[in-house]
Amino acid sequence: MFFRDVIKTEPDFSRLSQSVLQGYTCAVASELESERVQQLAKVMKRKNVKLEEGQLSCLVKMVTLNGIPKDLDSYPKDLLLFLSPSDYAATGSCKQYFAEVGKANLGLLQREPSKRKQLLLEALACLKIPGTEVNEENAEILGHLVCDLGEEYIRSSGESLLKQLSQCESFLPGQEEAIRSVISSGNTTFGPPQVWSASTLNELTGLIPVFDHSIWQQIPKSVLTLWLKNFAHSSPLSREQLAIIVEELLPSRQKRAVGCPEDKEITETVLNDDLMPIYYSPEELRACLKNVSLQNYFSQILMYPFSNEQLAVLKEKLDETYPDGYPDSLFPRLGPLASFITTKDISKWKITSPDMLAALLELDLQNEQAATVISRYVALGNPLNATALNAIGTKYLCVLNETLLNMIDPNSLKLATLDPSGCSQLTKNILYVKAKRAFSDKHYLHSYYTLIEPYLGGAPGEDIKALSKDSVNMNVDTLVNLRRDALMSLTPAEVKRLLGINLNDLAKWQNKSPIQEWVRIQKQAELDKLRIGLTGGTQEGYMNIVTPKFQPPSSASPGTVTVMLHLLPALLLSFLMMS
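The rules behind the values
Residues numbered from 1 in each chain as written. Predicted model: local features only at pLDDT ≥ 70, side-chain atom pairs only at ≥ 80, totals over all residues. Heavy atoms only, no water. Helix = DSSP H or I, 4+ residues; strand = E, 2+ residues; numbered from the N terminus. Buried < 20%, exposed > 50% of the residue type's maximum accessible area, 1.4 Å probe, protein only. Areas by Shrake-Rupley, 256 points an atom, 1.4 Å probe, with all protein chains shown as cover. Lys, Arg positive; Asp, Glu negative; His and termini not counted. Charge placed at Lys NZ, Arg CZ, Asp CG, Glu CD. Phe/Tyr/Trp six-rings, centres within 6.5 Å; stacked < 30°, edge-to-face > 60°. Lys NZ or Arg CZ within 6 Å of the ring centre and 35° of its normal. Arc of directions from axis to C-beta. Contact = heavy atoms within 4.5 Å. Disulfide = S-S within 2.5 Å. Salt bridge = Lys/Arg side-chain N within 4 Å of Asp/Glu carboxyl O. Axes fitted to C-alpha atoms, helices over the stretch in contact; angles between N-to-C directions. Parallel < 35°, antiparallel > 145°, perpendicular 65-115°, else oblique. Nonpolar A, V, L, I, M, F, W, Y, C, P; charged D, E, K, R; others polar. Polar contact = N/O pair within 3.5 Å; in protein donor to acceptor, adjacent residues only side chain to side chain. Left-handed = near helix turned anticlockwise from the far one by under 90°.

1. Concerning the overall build of the protein chain
- What the protein chain contains, in helices and strands, is 34 helices and zero strands.
- C-alpha atoms of the protein chain, sized along the principal axes, occupy 110 × 70 × 65 Å.
- Burial status across the protein chain gives 46% buried among its 579 residues.
- Accessible surface computed for the protein chain: about 30100 Å², of which carbon and sulfur atoms make up 51%.
- Counting 58 positive and 66 negative side-chain charges, the protein chain places the centres of these two groups 5 Å from one another.

2. Topic: unusual backbone geometry
- Here the bond from Ser513 into Pro514 is cis, since omega is 5°, no more than 30 degrees from zero.
- Mapped onto the elements of the fold, Pro514 is located in the loop between helix H31 (492-499) and helix H32 (515-520).
- Of note, Arg531 is a non-glycine position whose phi angle comes to about 60°, a positive value.
- Topologically, Arg531 is positioned in the loop between helix H33 (524-528) and helix H34 (558-578).

3. Concerning the packing of aromatic side chains
- Scanning the entire structure with this criterion turns up eight aromatic pairs.
- Seen from their ring centres, Tyr304 and Phe306 are 6.2 Å apart, and the 35° between their planes marks the pair as tilted. Per residue, the accessibility class of Tyr304 equals that of Phe306, and both read buried.
- What links up through ring pairs into an aromatic cluster is the set Tyr88, Tyr97 and Phe98.
- If you follow Lys264 out to its NZ or CZ, it ends over the ring of Tyr280, 6.0 Å from the centre.

4. Details of helix H7 (residues 94-101)
- Within H7, burial applies to Tyr97, Phe98, Glu100 and Val101. Looking straight down H7, one finds that the buried residues subtend no more than 155° of arc, so they occupy a single side.
- Among the structural elements, helix H6 (85-88), helix H8 (113-126) and helix H9 (136-142) are those in contact with the buried residues of H7.

5. Quick notes on the state of the cysteines
- Under the defined criterion, the tally for this structure stands at four disulfides.
- What pairs with Cys398 in a disulfide is Cys423, and their sulfur atoms sit 2.0 Å apart. The sign of the S-S torsion, about -80°, decides the handedness of the disulfide formed by Cys398 and Cys423: left-handed. With Cys398 in the loop between helix H24 (386-397) and helix H25 (402-406) and Cys423 in the loop between H25 and helix H26 (425-438), this residue pair connects regions lying 25 residues apart in the sequence.

6. Details of the pattern of salt bridges
- Counting across every chain of the model gives 23 salt bridges.
- Across the salt bridge formed by Arg116 and Asp148, the nearest N and O atoms sit 2.7 Å from each other. Highlighted residues: Arg116 in helix H8 and Asp148 in the loop between H9 and helix H10 (151-157), separated in sequence by 32 residues.
- Overall, the relative accessible area of 26% leaves Asp148 in the partly exposed class.
- What emerges from the salt-bridge pattern is a single network uniting Glu176, Glu177, Arg180 and Asp212.

7. What to know about the environment of Pro460
- Here Pro460 shows up in the loop between helix H27 (447-452) and helix H28 (461-467).
- Take Pro460: its relative accessible area is 18%, and that puts it in the buried class.
- It is 9.3 Å that separates the C-alpha atoms of Pro460 and Tyr432, two residues lying 28 residues apart in sequence.
- Discounting residues that sit within four places of it in the chain, Pro460 has contacts with Tyr432, Arg483 and Ala486.

8. Considerations on the packing of helix H22 (residues 354-361) against helix H23 (residues 367-379)
- Axis separation between H22 and H23 bottoms out at 10 Å; the angle between their running directions is 170°. When the axis of H22 is compared with that of H23, the two are roughly antiparallel. Residues Pro354, Leu357, Leu360 and Leu361 of H22 touch H23, and the partners they reach there are Ala370, Val373, Ile374 and Tyr377.
- In terms of residue class, the contact of H22 with H23 is made up of eight nonpolar, no polar and no charged.

9. Comments concerning H22
- Of all eight residues making up H22, six are buried, and the element is well covered by its neighbours.
- Those residues of H22 lying buried are Met356, Leu357, Ala358, Ala359, Leu360 and Leu361.
- Next to the buried residues of H22 lie H23 and H24.

10. Quick notes on the environment of Glu402
- Tracing the sequence through the fold places Glu402 in helix H25.
- For the pair formed by Glu402 and Thr427, sequence separation is 25 residues and the distance between their alpha carbons is 7.3 Å.
- Those residues in contact with Glu402 that lie beyond four places of it in its chain are Leu426 and Ile430.

11. Regarding the environment of Asn138
- Relative to the assigned elements, Asn138 resides in helix H9.
- Each C-alpha atom of the pair Asn138 and Phe331 lies 48 Å from the other, and the pair is 193 residues apart in sequence.
- Aside from chain neighbours lying at most four places away, what touches Asn138 is Leu127 and Ile129.

12. Some points on the side chain of Lys434
- By the element assignment, Lys434 lies in helix H26.
- Of the side chains with opposite charge, Asp409 lies nearest to the buried Lys434, which makes no salt bridge, at 7.0 Å.
- When sequence neighbours within four positions are dropped, the list of residues in contact with Lys434 reads Leu405, Asn406, Ile408, Pro410 and Leu413.

13. A word on the side chain of Gln55
- Here Gln55 is to be found in helix H5 (residues 53-63).
- Polar contacts involving the side chain of Gln55 include one to the main-chain carbonyl oxygen of Gln22, which spans 3.0 Å.
- When residues no more than four places from it in sequence are discounted, the contact partners of Gln55 are Gln22, Gly23 and Tyr24.

14. Some words on the packing of helix H15 (residues 221-230) against helix H16 (residues 239-249)
- Here H15 crosses H16 at 145°, and the two axes come no closer than 10 Å. Crossing handedness for the pair H15 and H16: left-handed. On H16, the residues that touch Lys221, Leu224, Thr225, Trp227 and Leu228 of H15 are Leu242, Ile245, Glu248 and Leu249.
- Class assignment of the residues belonging to the contact of H15 with H16 gives a composition of six nonpolar, one polar and two charged.

Here's what the structure looks like:
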């Protein structure tokens, strides 16, 4: 159900489901009174609705249209990322503000690293942290902001930051090195790695991905084995991360196995033990699998944390068992073997349904592998319908070649969720034409813009100009990703009508491409009418010269030519006065 279809008729937003609320769009919100949007935002908080960056950026503008509310704690925490401590002053102190921001999803600001940096600097100032040492109390307040602290803070603060750092999704190389230094120093309540227990390792689970070989080799192997047995099941670590621990437990020097050792025969009990990887070196695994049938166990054991060398052995066994292609029941389980899959393997697969296609494309394949899978699917006579397109998704949409793109039925886009913004211009152009045709019956409805927006990167200038008459409240990210010729054809007045409530965001782009180039070809007088401080346009009386791509047939330097062009108006005026 579309957000627009219910939002204008529903008097009580609390009756709306989470999925409907997640369909929030700027275009629809602009049709509501500011008080209604505030009610909507509060319901989103209560129902824990997760919104994207563009949705939140628009929502905060609508919520604050008539001033900053004094009860900001009633709104989604993520909304605070787009406000400042001074905006929060009527609600609480700067310390309270950053305690809330520390619980928000900072990943929403990935496109604006400068904003994240500014938030961190303001937080450190608020908490009066002059140096690089952060205590546990302040680390608790900073929350996710701790993930942006530099390596010098991590080294100086020591154990105080470890709890918060364990919740970070990723680190810079310098941060990782600093964390390893703190952990291996022994100057923490955990002590040096040599004295850790399985419980200690469990407390440090969130930081395990940062450990390197120098730390692993200090931890007693008996502790690693015990941790795998007792805690690995409940840990958030991926199969790949667990496989690194397994690799540490395997002997570094492997003797070539002549046969399978008597005490390592692979039995049903062994196959049902998810710690099977720690019992066999790659060579032992190869030798012990020779006379064992794995047909009923492949789906199961491929999920065990085998090392890459062990996985290579399993791939050999799989090829030996199924020389004419793997059964489709195994497709969802091939993820660990993705790096070993070849074009020859894929050419044998019978991918006969969108579900099989989806299962294969969820394996984290490389683009080349994914393109081969999709081509194989189509070669077997399957259409690129909505189900197939949703299986391909935004992740692999850009690998489709022109032939495959032209095979897409426009009507399929009505039921597909795609975003071609990261694709080639050719892909964007082809998909826009198809999307325009697919949604042509809704062209005069408000929902048209919501449907066509993901495809606007392929729209010609005349179509964008037409949209400027419809109060669509386009966000600046969409504007800057338009076709270059389409963007350059827009006048400041048209851009103003396109952006609507998002117009002020344009100022942040004035020194970035392509807005910088767009500004240069506009009349400054027209830019001034936008009242957002854009400068750099053409002054009255000056000629806007497009620099030729070829070397001008003149002995004058480019600098001389530029000076002469700027002097041209004055020379013409002087000539007229003399006449």
